Amino acid sequence: MRSHALLFGCLLALGSTLLAAQGPKGIAYVEAPERAAGVCVAGSPDKGFACARERCAESGVPGNECLRRAWCYPAGWSVDMFLQDRNGIHWHEFTCGLGSRELAQSLAKLKCEPKHAENYIECTPVRYFDPDGREIAP
């Protein structure tokens, strides 16, 4: 009887661990301004940012120059926007935690409408991410 209880306890613990591993994930975004970026889905901000920093550094930028920019939990849908102002300065804005692909696309469209983007010479969604972190082309 005692061995059955121990076995049941072990199976319960294993099941809880597997459910936690499959549970909601967050998404982390890091950027080395004007040079590289990294995105990663993970169960915690520390793991997400570490992974995203590694991906950013794969482009040859030192990892310590890949700065934390965004974390959303749960990840939801995300959009990475490229913006450039009239002076030539360019950057990315990453918005995450959105409820659907359509919402991410609508947000990008709204941000680039002339009345909101009058100081930009470019405003473009460059990539979307689904809640599992898979990149989706615009």
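Note that the structure is predicted; figures quoted are calculated from it, not measured.

### Details of the overall build of the protein
Alright, step 1. In terms of regular secondary structure, the protein is built from 3 helices and 7 strands.
Alright, step 2. Reading the helices (α) and strands (β) of the protein from amino to carboxyl end gives α-β-β-α-β-β-β-α-β-β.
Alright, step 3. Evaluated residue by residue, the protein yields a buried proportion of 31% over its 138 residues.
Alright, step 4. For the protein, the proportion of contacts with a sequence separation of at least 24, taken over those separated by at least 6, is 52%.

### Examining the pattern of salt bridges
Alright, step 1. Under the defined criterion, the tally for this structure stands at 8 salt bridges.
Alright, step 2. Close ionic contact of Arg127 with Glu135 constitutes a salt bridge, the shortest N to O distance being 3.7 Å.
Alright, step 3. Overall, the relative accessible area of 17% leaves Arg127 in the buried class.
Alright, step 4. Where salt bridges share partners, they join Asp80, Arg127 and Glu135 into one cluster.

### What about the sheet that holds strand S1 (residues 26-32)?
Alright, step 1. One open sheet holds the 3 strands; their spatial order is S2-S1-S3, and the pairing between them is antiparallel. Edge strands, defined here as strands with exactly one partner in the open sheet, are strand S2 (36-42) and strand S3 (67-72). Adjacent strand axes in the sheet meet at a mean angle of 15°, parallel and antiparallel pairs treated alike.
Alright, step 2. Examined bridge by bridge, S1 and S3 share 5 bridges and lie antiparallel to one another. Directly across from Ile27, in S3, lies its bridge partner Cys72.
Alright, step 3. The strands touched by helix H2 (residues 45-57) within the sheet are S1, S2 and S3, with S2 carrying the most contacts at an inclination of about 145°.

### Examining the pairing of strand S6 (residues 120-129)
Alright, step 1. Alignment of strand S4 (residues 77-85) against S6, held across 8 bridges, turns out to be antiparallel. Bridged to Phe82 within S6 is Thr124.
Alright, step 2. Relative to strand S7 (residues 135-136), S6 is paired through 2 bridges, and the arrangement is antiparallel. Looking at S7, one finds that Phe129 is bridged to Glu135.
Alright, step 3. Counted between consecutive antiparallel strands, the loop separating S6 from S7 contains 5 residues, among which Gly133 sits at a positive phi close to 85°.

Each value, and the rule that gives it
Residues numbered from 1 in each chain as written. Predicted model: local features only at pLDDT ≥ 70, side-chain atom pairs only at ≥ 80, totals over all residues. Heavy atoms only, no water. Helix = DSSP H or I, 4+ residues; strand = E, 2+ residues; numbered from the N terminus. Buried < 20%, exposed > 50% of the residue type's maximum accessible area, 1.4 Å probe, protein only. Contact = heavy atoms within 4.5 Å. Salt bridge = Lys/Arg side-chain N within 4 Å of Asp/Glu carboxyl O. Pairing = 2+ DSSP bridges. Axes fitted to C-alpha atoms, helices over the stretch in contact; angles between N-to-C directions.

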